[in-house]
Amino acid sequence: EIENNTNLGNKIKTIIDKGQLVSDNIINDLIINVLSDKKLYNRLIFDGYPRNLEQVMNLDSCIKRYKQKISCVLSLNVEKEFIIKRILGRQTCTNCGLIFNEHFFRATNHNHSCDPKFLNKRSDDNEKTITNRFNTYLNKTLPIFDFYKEQNLLHHLNGMLEIEQIFEEIRAIITSLET
């Protein structure tokens, strides 16, 4: 919605730019739009959703309504200090779309051909927002894991590993679902 510069996208961008989380009502409407799209039937990956029990219940209801299913839920466990460095160091090139990190994967002449002036930080990538979101995660998101654990859908992963290792673990989980 933001990339398409829709009215809803502009509203969402304003909320995100203030470091706030988008309301459940807006998120639920977006989810319904995606789940009702027959081209995407059982071919979706949600990142950062659901983030609370109300969203879990909405998603569960929508999944049933649109006759889809959740195959697995992945939880990447990462230490708080590492999360802070990942977020504070994040840079996105507004020209080519590549994502870099000042601490872990710097943009260099070898991996990025655009002018450094195109490297931007998100407006919500700041310590206050990170702290607020981490507290929200502890209080609102952690409880949803019990719901998915009861359904035997939850898989915990070590998010401190190298990206390639995490990818291989996720790949193994998805492959095991196909059999």
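On a predicted model such as this, the values are computed, not experimentally measured, just so you know.

So, how was this worked out
Residues numbered from 1 in each chain as written. Predicted model: local features only at pLDDT ≥ 70, side-chain atom pairs only at ≥ 80, totals over all residues. Heavy atoms only, no water. Axes fitted to C-alpha atoms, helices over the stretch in contact; angles between N-to-C directions. Helix = DSSP H or I, 4+ residues; strand = E, 2+ residues; numbered from the N terminus. Parallel < 35°, antiparallel > 145°, perpendicular 65-115°, else oblique. Left-handed = near helix turned anticlockwise from the far one by under 90°. Contact = heavy atoms within 4.5 Å. Nonpolar A, V, L, I, M, F, W, Y, C, P; charged D, E, K, R; others polar. Buried < 20%, exposed > 50% of the residue type's maximum accessible area, 1.4 Å probe, protein only. Pairing = 2+ DSSP bridges. Core = buried A, V, L, I, M, F, W, Y, C linked by side-chain atoms within 4.5 Å.

Focus on the packing of helix H2 (residues 24-35) against helix H3 (residues 53-65)
How two helices pack is summed up by the angle between their axes together with the distance between the axes.
Part 1 of the reasoning: As a packed pair, H2 and H3 sit with axes 10 Å apart at the nearest point and diverge in direction by 20 degrees. Here H3 runs roughly parallel to H2, going by the angle between their axes. Taken as a pair, H2 and H3 cross one another with a handedness that is right-handed. Contacts from Asp 24, Ile 27, Asn 28, Ile 31, Ile 32 and Leu 35 in H2 reach Glu 54, Gln 55, Asn 58, Leu 59, Cys 62, Ile 63 and Arg 65 in H3.
Part 2 of the reasoning: Class assignment of the residues belonging to the contact of H2 with H3 gives a composition of seven nonpolar, three polar and three charged.

Some words on the pairing of strand E2 (residues 90-93)
Part 1 of the reasoning: By the alternation rule, side chains of E2 split into Gln 91 and Cys 93, which are all buried, and Arg 90 and Thr 92, of which none is buried.
Part 2 of the reasoning: Where E2 and strand E3 (residues 99-101) come together, three bridges link them in antiparallel fashion. In the sheet register, Arg 90 faces E3, and the bridge partner there is Asn 101.
Part 3 of the reasoning: Linking E2 to E3, which pair antiparallel, is a turn of five residues; within it Gly 97 sits at a positive phi near 90 degrees.
Part 4 of the reasoning: Here E2 pairs with strand E4 (residues 119-120) via two bridges, running antiparallel. Paired with Cys 93 across the strands is Leu 119, a residue of E4.

Structural notes on the packing of helix H4 (residues 80-88) against helix H5 (residues 127-141)
Part 1 of the reasoning: Packing of H4 against H5 leaves a shortest axis separation of 10 Å and a crossing angle of 135 degrees. As the angle between them shows, H4 and H5 are arranged oblique. Crossing geometry of H4 relative to H5 is assigned as right-handed. Contact residues: H4 offers Lys 80, Ile 83, Ile 84, Ile 87 and Leu 88, while H5 offers Glu 127, Ile 130 and Phe 134.
Part 2 of the reasoning: A breakdown of the residues in the contact of H4 with H5 according to their chemical character gives six nonpolar, no polar and two charged.

Considering the environment of Leu 88
Part 1 of the reasoning: For Leu 88, the position within the fold is in helix H4.
Part 2 of the reasoning: When the C-alpha atoms of Leu 88 and Asp 124 are compared, they prove to be 9.5 Å apart, with 36 residues separating the residues in sequence.
Part 3 of the reasoning: Setting aside residues up to four positions removed in sequence, Leu 88 forms contacts with Glu 102, Lys 121, Asp 125, Asn 126, Glu 127 and Ile 130.

Quick notes on the sheet that holds E4
Part 1 of the reasoning: Read from one edge of the open sheet, three strands run E3-E2-E4, paired in antiparallel fashion. Each having just a single partner strand, E3 and E4 make up the two edges of the open sheet.

Observations regarding the nonpolar core
Part 1 of the reasoning: By size, the foremost hydrophobic cluster in this structure holds 19 residues, and its most contacted members are Val 22, Ile 31, Leu 35, Leu 59 and Tyr 148.
Part 2 of the reasoning: Where this core is concerned, the elements lending two or more residues are helix H1 (7-17), H2, H3 and helix H6 (144-150).
Part 3 of the reasoning: When neighbours within four sequence positions are excluded, Val 22 is seen to be in contact with Ile 12, Ile 15, Ile 16, Ile 27 and Arg 51.

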